[in-house]
Amino acid sequence: MKVEARDTTKLGELIQGLELGVQFEKSRPDRRSDAVCYELLADYFRKAQKAKEEGKYLVCHTTTIPPEVFYAMDIVPLQLESVGTLASQIVRNFGDALSAARDFGLAPEVCSAHRLLVGQTILGWLPRPDAIVWSNQVCDNTAKGGNLLVELCGCPGFFLERPYHYTDGAVQYFAQELEELIHFLEELTGRRMDWDRFAEVMDRSRCLMELHREIRRLRKAVPSPWRNLWYIHMMGTELYMAGTPEAVLHFETMRDEVKKRAEKGEGYIPEERYRILTLFLPPAYTWTLLGWMERKHGAVSVAEPYFSYRDGGEIDPTKPLESLARKSFYCPICRPMYGPAEEGILHDAVRDAVEYKAEGTVYFAHIGCRQTDACIRILRDALLEKAGIPTLILDMDLYDPTYAPEDQLKNKLEEFFELLDERK
């Protein structure tokens, strides 16, 4: 089956929603980084929408494909998961994409993120890509779904294989894979890689990594100078726009806001009551839940081990391929969703709970994620035994609100906060 019809109205609605968000946040001087974030996201999707009319090559890709390669070759990238994630917040009737995937034959047990990829492709909501790049990161759904997307779009595709364990040999292997990707893109575009430009892109990626680490250090302050939603903003910028000046600007703006509060001993919210460790992602249809936790209950997310940088090596812009390959093993999501858990997510969660003085953990348990859900029991037990904090397991679906409505999630969180009160 090849999808012929294309109607990017939904993508246009997404862009308009982000533009409205920019105007709203600009009116609030304490949220400048939010305005920067929404503005760069609107521009990101606008470039994808207009790529063809501006004579640019458009490459759609799945999560954790390093975007630095595309920016170095002046190719417009579009991370497919990003459309569904943000549209769940902004665009009406986006559930039509889940229905289209169901009618196509995808079972509800398949992660809703990947059902959205297929659904929005079937409905023709995205511009026709010149190619699709996918990988075995971070799950088997991603590895299998790329073949289907290539078939639906009727375009060339490239599968980027990354080894499981982080070793020097694995880094060299993945660097060769990245080099093959570059050859594929050179044949697609008829242009050669500009290695000087690639080095510049990787230098900005290095700056992004250093800013990320600086922000993590600043977030240890009590009270927390951090807004709960910002870790999602950081993750998105890293996954979609690593290596761009816009990404560096976003992180610098966020760093400056956090540093200003930390130096004054001020928290983001007036009264901090609970310091929470957050595991995995809240449902995309109700990110407002994070703001509700702050405003109503004084609950701040002090660390998110699944999405923090690890000590995995430095970026050397003079060795862009090797540096990018190495970064792909310790960037957000990749390391903790592989294994072994004892050396990855277990170690990091306990460390962050202690260093950031967490009093409890909220685990957003996405029904469709076999990898993260498999760690729930051992994470809960380790955090209680080694950090002395309880864990709330919030069963939910990342994109389908019918599985766990917002009110149900709020009720469970309020019961958990009562438990934390009893422990004080």
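Every value quoted in this text rests on a predicted model; they were computed, and no experiment measured them.

A.B. asks: Give a detailed account of the environment of Ile276, specifying residues and quantitative values.
C.D. replies: The residue Ile276 is located in strand E5 (residues 274-279) in this model. Remark: the alpha-carbon pair of Ile276 and Gly360, spanning 84 residues in sequence, is separated by 5.2 Å. Beyond its immediate chain neighbours, meaning those up to four positions away, Ile276 contacts Ala299, Val300, Ser301, Val302, Ala303, Gly360, Val362, Phe416, Phe417 and Leu420.

A.B. asks: An account of the packing of helix H2 (residues 32-50) against helix H10 (residues 230-241) is requested, with residue identities and associated values reported.
C.D. replies: Two numbers describe how H2 lies on H10: the axes approach to 11 Å, and their chain directions differ by 35 degrees. In this structure, H2 crosses over H10, and the sense of that crossing is left-handed. Contact residues: H2 offers Ser33, Asp34, Cys37, Tyr38, Leu40, Leu41 and Tyr44, while H10 offers Trp230, His233, Thr237, Tyr240 and Met241. Classifying every residue of the contact of H2 with H10 gives eight nonpolar, three polar and one charged.

A.B. asks: Give me helix H16 (residues 376-387): which residues, what numbers.
C.D. replies: Residue pairs spaced three or four apart in an α-helix point in one direction, given the helix's 3.6 residues per turn. The terminal C-alpha atoms of H16, which comprises 12 residues, lie 16 Å apart, in line with the 16 Å expected from a rise of 1.5 Å per residue. What H16 keeps buried is the set Ile376, Leu379, Ala382 and Leu383. The arc that holds every buried residue of H16, seen down its axis, measures 135 degrees, which confines them to one face. Away from its buried face by more than 90 degrees, H16 exposes Arg377 and Glu385. The elements touched by buried residues of H16 are E5, helix H14 (345-355), strand E7 (360-366), helix H15 (370-373) and strand E8 (391-396). Count one or two residues on from H16 and you reach Gly388, which has phi positive near 70 degrees.

A.B. asks: Pulling in residues and values, what's your account of the packing of helix H4 (residues 80-90) against helix H6 (residues 112-122)?
C.D. replies: Pairs of packed helices are described in terms of their axes, by the angle between the two and the distance that separates them. Relative orientation of the contacting elements H4 and H6 amounts to 95 degrees, with a least axis distance of 9 Å. If you check the angle between H4 and H6, you find them roughly perpendicular. Contact with H4, carried on its side by Leu80, Glu81, Val83, Gly84 and Ser88, involves His114, Leu116, Leu117 and Gln120 of H6 and no other residues of that element.

A.B. asks: Can you break down the pairing of strand E4 (residues 157-160) residue by residue, with the values?
C.D. replies: If a strand is regular, its side chains alternate between the two faces of the sheet. Of the two faces of E4, the one holding Phe158 and Leu160 is buried and the one holding Gly157 and Phe159 is not buried anywhere. For strand E3 (residues 131-135) and E4, the ladder comprises four bridges, and the chain directions are parallel. By the bridge assignment, Val133 is partnered in E4 with Phe158. Note on the crossover from E3 through helix H7 (residues 140-153) to E4: the handedness is right-handed.

Conventions and cut-offs
- Residues numbered from 1 in each chain as written.
- Predicted model: local features only at pLDDT ≥ 70, side-chain atom pairs only at ≥ 80, totals over all residues.
- Heavy atoms only, no water.
- Helix = DSSP H or I, 4+ residues; strand = E, 2+ residues; numbered from the N terminus.
- Contact = heavy atoms within 4.5 Å.
- Axes fitted to C-alpha atoms, helices over the stretch in contact; angles between N-to-C directions.
- Left-handed = near helix turned anticlockwise from the far one by under 90°.
- Nonpolar A, V, L, I, M, F, W, Y, C, P; charged D, E, K, R; others polar.
- Expected span 1.5 Å × (residues − 1).
- Buried < 20%, exposed > 50% of the residue type's maximum accessible area, 1.4 Å probe, protein only.
- Arc of directions from axis to C-beta.
- Parallel < 35°, antiparallel > 145°, perpendicular 65-115°, else oblique.
- Pairing = 2+ DSSP bridges.
- Right-handed = clockwise from strand over helix to strand, strands pointing away.

Any link to function would need more than the numbers given here.
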